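# Chain and residue survey
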Amino acid sequence: MKKSVKITIYVLISLCVVMVAGLILGANYMFAYALDSQFEQGALAEEEVEPLSEEEVSQDIPQTAEEWLVATSQRETIISHDGLELVGYYRAAPAPTDKYALLVHGYKAGPTGMAHYARYYHDAGWNVVVPHHRAHGDSQGRYIGMGWLEHYDMLGWISRILAMEPDARILIHGVSMGAATTMLVTGSANLPANVEAAIADCGYSNVTAEFTHQLKEIFGLPGFPLLPVTSLLTKLKANYSFDQVDCQVAVARSSTPTLFIHGDGDGFVPFEMLDVVYNAAACPKEKLVVSGAGHAKSRETNPELYWSTVNNFLSRFMN
């Protein structure tokens, strides 16, 4: 073999090795950045909200929704299917009722991010359960499941509710990653009939599409070939792959009545994903578009429209 040919082969092999090594390093960084709560730039801790003292509560001073949730709720725990202790808030309704709202927070957020929702449902006469996701807040776990691992956890919380009230009538209301979790729960073959309705507020159609969008927006990179390698790494480290986190597939096999909500100003989870999941859904369904609302801001942007639509939906399916 000529010396020039050998040199060319060596150069090509070296380039391939460098490219593969770079791809593996990139996938490791993306996995850590997006899914590892122990990574220094990874999952953010929930903002601390100090509970009010007994004296402050007795004085009936004005409370924020976050203070109300922390100060008045009961701490509950469950053990996940993979052995993690998961923590949540439980707030009983003002009067006995069989209605329970299971509120599911978003990516890098926490239960206090759902405090306004919790207070609204509680004031409307519902029992409220607001879990900390795994790898968030007080719950154990290192890796974020983007809705896939969490949907098993929500089935665990549903079991806890049914242990308290076997005839419970349950609504699941999720926002952002919590909405993706909600859609994946409704697509589960193990979902009890006690779950009578669901609300998915600004959830993504699937995590591959969402990460592709984020890679382009944040880093200016295409999804291929980085995402398939990151998915393989996620399977090895966190025991799930990106193709499992497909809300479009989940709602196509769901029979749970679902209200899909999205703000048309959402730049984090593209607004176009609303129609992807809505059109795929085989369940009884309704849709709300909130004009001008950014990501997870529909309730804040137009609370009157938001809650009137929710109430009309619930009166139809959880009368």
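Shown above is the structure to which this text applies.
Here goes a summary of the coordinates provided. (Residues numbered from 1 in each chain as written. Predicted model: local features only at pLDDT ≥ 70, side-chain atom pairs only at ≥ 80, totals over all residues. Heavy atoms only, no water.)

### Description of the overall build of the protein chain
Helix and strand counts for the protein chain stand at 12 helices and 8 strands. Here the protein chain holds 319 residues, and the buried ones make up 50% of them. In the protein chain, 74% of the contacts between residues at least 6 apart in sequence involve partners at least 24 apart. (Helix = DSSP H or I, 4+ residues; strand = E, 2+ residues; numbered from the N terminus. Buried < 20%, exposed > 50% of the residue type's maximum accessible area, 1.4 Å probe, protein only. Contact = heavy atoms within 4.5 Å.)

### A look at the side chain of Q214
Here Q214 is to be found in helix α7 (residues 207-219). Side-chain polar atoms of Q214 contact the backbone oxygen of F268, separated by 2.9 Å. For Q214, the contacting residues outside a window of four places in its chain are F219 and F268. (Polar contact = N/O pair within 3.5 Å; in protein donor to acceptor, adjacent residues only side chain to side chain.)

### Quick notes on the nonpolar core
Core analysis: the largest hydrophobic core is formed by 40 residues, its most contacted members being L35, M146, Y204, F211, Y240, V245 and F260. Elements with a contribution of two residues or more to this core: α1 (3-35), α5 (148-164), α6 (177-186), α7, α8 (226-238), α9 (247-252) and α10 (273-280). If sequence neighbours within four positions are ignored, L35 has contacts with M30, R142, Y143, I144, M146, F211, T234, Y240 and F242. Among the nonpolar cores identified, the runner-up in size contains 32 residues, and L69, W126, L259 and V290 belong to it. (Core = buried A, V, L, I, M, F, W, Y, C linked by side-chain atoms within 4.5 Å.)

### Some words on the pairing of strand β7 (residues 258-263)
In regular strands, side chains alternate between the two faces of the sheet. In terms of burial, β7 is largely enclosed, as 6 of its 6 residues are buried. Residues of β7 alternate between two faces, with T258, F260 and H262 on one and L259, I261 and G263 on the opposite face, all of them buried. Note: strand β6 (residues 195-201) against β7, 4 bridges, orientation parallel. Pairing of A200 across the sheet is with F260, part of β7. Handedness of the β-α-β unit built from β7, α10 and strand β8 (residues 285-290) comes out right-handed. (Pairing = 2+ DSSP bridges. Right-handed = clockwise from strand over helix to strand, strands pointing away.)

### Description of the packing of aromatic side chains
Summed over the entire model, instances satisfying the criterion amount to 15 aromatic pairs. Measuring from centroid to centroid gives 6.2 Å for Y120 and Y121, while their planes differ by 85°, and the two rings are edge-to-face. On the basis of relative accessible area, Y120 is assigned to the partly exposed category, the value being 27%. When the ring of F211 is compared with that of F242, the centres are 5.3 Å apart and the planes differ by 65°; the resulting orientation is edge-to-face. Of this pair, F211 sits in helix α7 while F242 sits in the loop between α8 and α9; the two residues are 31 residues apart in sequence, bridging distant segments of the chain. Assessed through its relative accessible area of 7%, F211 is described here as buried. Note on F242: relative accessible area 3%, which makes it buried. (Phe/Tyr/Trp six-rings, centres within 6.5 Å; stacked < 30°, edge-to-face > 60°.)

### A few points about the sheet that holds β6
Reading across the sheet, the 8 strands line up as β1-β2-β4-β3-β5-β6-β7-β8 and stay open at both edges, with mixed pairing between neighbours. Looking at the sheet topology across the chains shown, the edges are occupied by β1 (74-79) and β8. This sheet shows a mean twist of 20° between the axes of neighbouring strands, independent of strand direction. Pairing between β1 and strand β2 (residues 85-91): 6 bridges, direction antiparallel. Along β2, the bridge assignment pairs T77 with V87. (Axes fitted to C-alpha atoms, helices over the stretch in contact; angles between N-to-C directions.)

### A word on the pattern of salt bridges
Should their charged atoms come close, side chains of opposite charge can pair. Applying the stated rule across the entire model yields 10 salt bridges. D36 is the partner of R142 in a salt bridge, and the nearest nitrogen-oxygen pair spans 2.9 Å. Residue R142 is located in the loop between β4 (127-131) and α5, and its partner D36 is located in the loop between α1 and α2 (54-58); the two are separated by 106 residues in the primary sequence. The exposure class of R142 is partly exposed, given its relative accessible area of 35%. In this structure, R316 engages E286 in a salt bridge whose closest nitrogen and oxygen atoms are separated by 2.8 Å. Within this pair, whereas R316 is found in helix α12 (residues 303-317), its partner E286 is found in strand β8, the two being separated by 30 residues in sequence. Classification of R316 by relative accessible area gives exposed; the value is 53%. On the basis of relative accessibility, which here comes to 19%, the residue E286 falls in the buried class. Shared partners join several salt bridges into a network, and the residues in it are D82, R134 and D153. (Salt bridge = Lys/Arg side-chain N within 4 Å of Asp/Glu carboxyl O.)

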